[in-house]
Amino acid sequence: MKQSNFNIVPEIKEKLRFDKQMLLYAAFLLLSSLMWFFNKLGEETNSTLLYPVTFINMPVQKVVVNGLPDNFDLTVHGRGWDILRYKMGKSPEPIVINLSRLNHILSKESTIDFSLATNALTEEIKSQLPANINLTLIQPDTIRFVLSNYSEKRVVVKPVLDLTFEHQCLIDSKIDVSPAEITVNGPDIILDTLTAVYTKTISTRKANQTLHKTVEILPIEGIALRTHKVDVTIPISKYTEESLTIPITAINEPDSLRLKLMPSTVNIKFWVSMKNYAHINKADFKAIVNAKEADTQIGMQLPVTISAMPMSVRNITIEPEIVNFVLETK
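A quick note: this is a predicted structure, and the numbers were derived from the prediction, not measured. (Residues numbered from 1 in each chain as written. Predicted model: local features only at pLDDT ≥ 70, side-chain atom pairs only at ≥ 80, totals over all residues. Heavy atoms only, no water.)

Peer 1: When you look at the packing of aromatic side chains in this model, what are you seeing that I'm missing?
Peer 2: For any two aromatic rings, the description comes down to two numbers: the centre-to-centre distance and the angle of the planes. In the structure shown here, the tally under the stated rule is two aromatic pairs. Between F55 and F145, the aromatic rings sit 6.2 Å apart at their centres with planes inclined by 90 degrees, giving edge-to-face as the arrangement. A residue pair is termed long-range when its members are at least 10 positions apart, and F55 in strand 1 (residues 44-56) and F145 in strand 7 (residues 142-165) qualify at 90 residues. Overall, the relative accessible area of 15% leaves F55 in the buried class. Judged by relative accessible area, F145 falls into the buried class, the value being 0%. (Phe/Tyr/Trp six-rings, centres within 6.5 Å; stacked < 30°, edge-to-face > 60°. Helix = DSSP H or I, 4+ residues; strand = E, 2+ residues; numbered from the N terminus. Buried < 20%, exposed > 50% of the residue type's maximum accessible area, 1.4 Å probe, protein only.)

Structure follows, in structure tokens:
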């Protein structure tokens, strides 16, 4: 047994000798690689660096509508050491582009679309780079400016509704929004077509009474809102069905002729809120036929329309919708 253990020792020594040789080879290979790497870093090379950029001295009372680049891709030439130092260091200070020299161009019109070739900024950018790095290319090669005057405007606020109602409940009068108008600020190119702002959706199910809501106004990109919330009152009442018989009036009759209508009255059915029911009477409604339409109708018939009715009335129907007529001499 002892003889067997003694024979293993030379094998262990041989393995250790082999491992030591491999370790020395690996160290030599690593040292060679480092020497090659450091030698390459000392050579001149090209690289692309991502640099943040900021723009200053924009034309007074103007705003950029299209957005400007946040970064430039700069192709630079320099020693590998210097470029590596930039890439491994902290984020660089933004390159500052001063637009004051362009004010005479960018301030002439209320809205302007202008393109600037970035090679015109080469010297300005070079002066802000490390002295040991040379600038060879700037991307993007062109910057587009879409600028507009910045002003303010009054616009109406419109509520957005998603409502369902209990049976025979409806909105019974004008919805109140307070404030009804707000002041907004932004580029003229947007304000010129902006006529209203809208609230977030007011959503209620089976509404049966007046709603009072404070609701936010939806933001609009590029527009500053002076007011961000409004109070909305939605008057909701219970409705009842009512019916009346009212006379029909002929309008636009010829000077020498008169229309005789058959029948001369119509029955109307409508919904009216309970709170307004007692105030409804026949005089609030007017049914008419237009004599000028006689030549365009087939046969001696004319359609009846309602030309006047209370604002509180909903879902009005007419019976009959068409009446016969004959022409009589006045």
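Peer 1: Can you help me understand unusual backbone geometry in this one?
Peer 2: What is expected of a backbone is that most residues other than glycine have negative phi and most peptide bonds are trans. Residues S178 and P179 are joined by a peptide bond in cis, for which omega reads -5 degrees. If you trace the backbone, P179 turns up in the loop between strand 9 (176-178) and strand 10 (181-187). In this model, M262 is joined to P263 through a cis peptide bond whose omega is 0 degrees. With respect to the helices, strands and loops of the structure, P263 is situated in the loop between strand 16 (257-262) and strand 17 (265-273). Phi is positive for Q168, which is not a glycine, with a value near 60 degrees. With respect to the secondary-structure elements, Q168 resides in the loop between strand 7 and strand 8 (169-171). Classification of Q168 by relative accessible area gives partly exposed; the value is 22%. Residues other than glycine seldom take positive phi values, yet N315 does so here, at roughly 55 degrees. Structurally, the position occupied by N315 is in strand 21 (residues 313-319).

Peer 1: What exactly am I supposed to notice about the side chain of S273 here?
Peer 2: In this fold, S273 is placed in strand 17. Overall, the relative accessible area of 0% leaves S273 in the buried class. Apart from residues lying up to four places away in sequence, S273 is in contact with D172, S237, K238, Y239 and S312. (Contact = heavy atoms within 4.5 Å.)

Peer 1: What's the story with the nonpolar core in this structure? I'm lost.
Peer 2: Nonpolar side chains in soluble globular proteins tend to be buried together. Within the largest apolar cluster, 23 residues are counted, with the highest numbers of intra-cluster contacts made by F72, L74, I97, I125 and F145. Of all the secondary structure elements, the ones that give two or more residues to this core are strand 1, strand 3 (71-79), strand 4 (95-98), strand 5 (111-117), strand 6 (134-139) and strand 7. Looking at this core element by element, the count peaks at four residues for strand 1. (Core = buried A, V, L, I, M, F, W, Y, C linked by side-chain atoms within 4.5 Å.)

Peer 1: Looking at this model, I keep getting lost on the sheet that holds strand 19 (residues 301-303). Mind explaining?
Peer 2: Consider a sheet: its strands pair through backbone hydrogen bonds, and that pairing is either parallel or antiparallel. Pairing is antiparallel in the open sheet, where three strands are placed in the order 16-22-19. Each edge of the sheet is formed by a strand with only one pairing partner; in this case those strands are strand 16 and strand 19. Each adjacent strand pair in this sheet contributes to an overall mean axis angle of 45 degrees, direction not counted. Sheet topology note: the strand 19/strand 22 (residues 322-329) ladder contains three bridges and is antiparallel. When the bridges of strand 22 are listed, P303 appears paired with I322. (Pairing = 2+ DSSP bridges. Axes fitted to C-alpha atoms, helices over the stretch in contact; angles between N-to-C directions.)

Peer 1: I would appreciate a short explanation of the pairing of strand 7 in the present structure.
Peer 2: Regular strands place side chains that alternate from one sheet face to the opposite one. The pairing of strand 2 (residues 62-64) with strand 7 spans three bridges and is antiparallel. Among the inter-strand pairings, V64 is bridged to a residue of strand 7, identified as L147.

Peer 1: So what exactly am I meant to see when it comes to the sheet that holds strand 6 here?
Peer 2: Taking strand neighbours across the sheet as the criterion, the four strands line up as 4-1-3-6 in an open arrangement whose pairing is mixed. Only two strands of the sheet have a single partner each, and these edge strands are strand 4 and strand 6. On average, each strand axis in the sheet is tilted by 40 degrees relative to the strand beside it, whichever way the strands run. When strand 3 meets strand 6, the two strands line up antiparallel, connected through five bridges. Paired with V76 across the bridge in strand 6 is L135.

Peer 1: Help me understand the pairing of strand 3, please; the structure alone is not making it clear to me.
Peer 2: As paired elements, strand 1 and strand 3 share nine bridges and run antiparallel to each other. Residue pairing for strand 3: L49 is matched across the bridge by L74.

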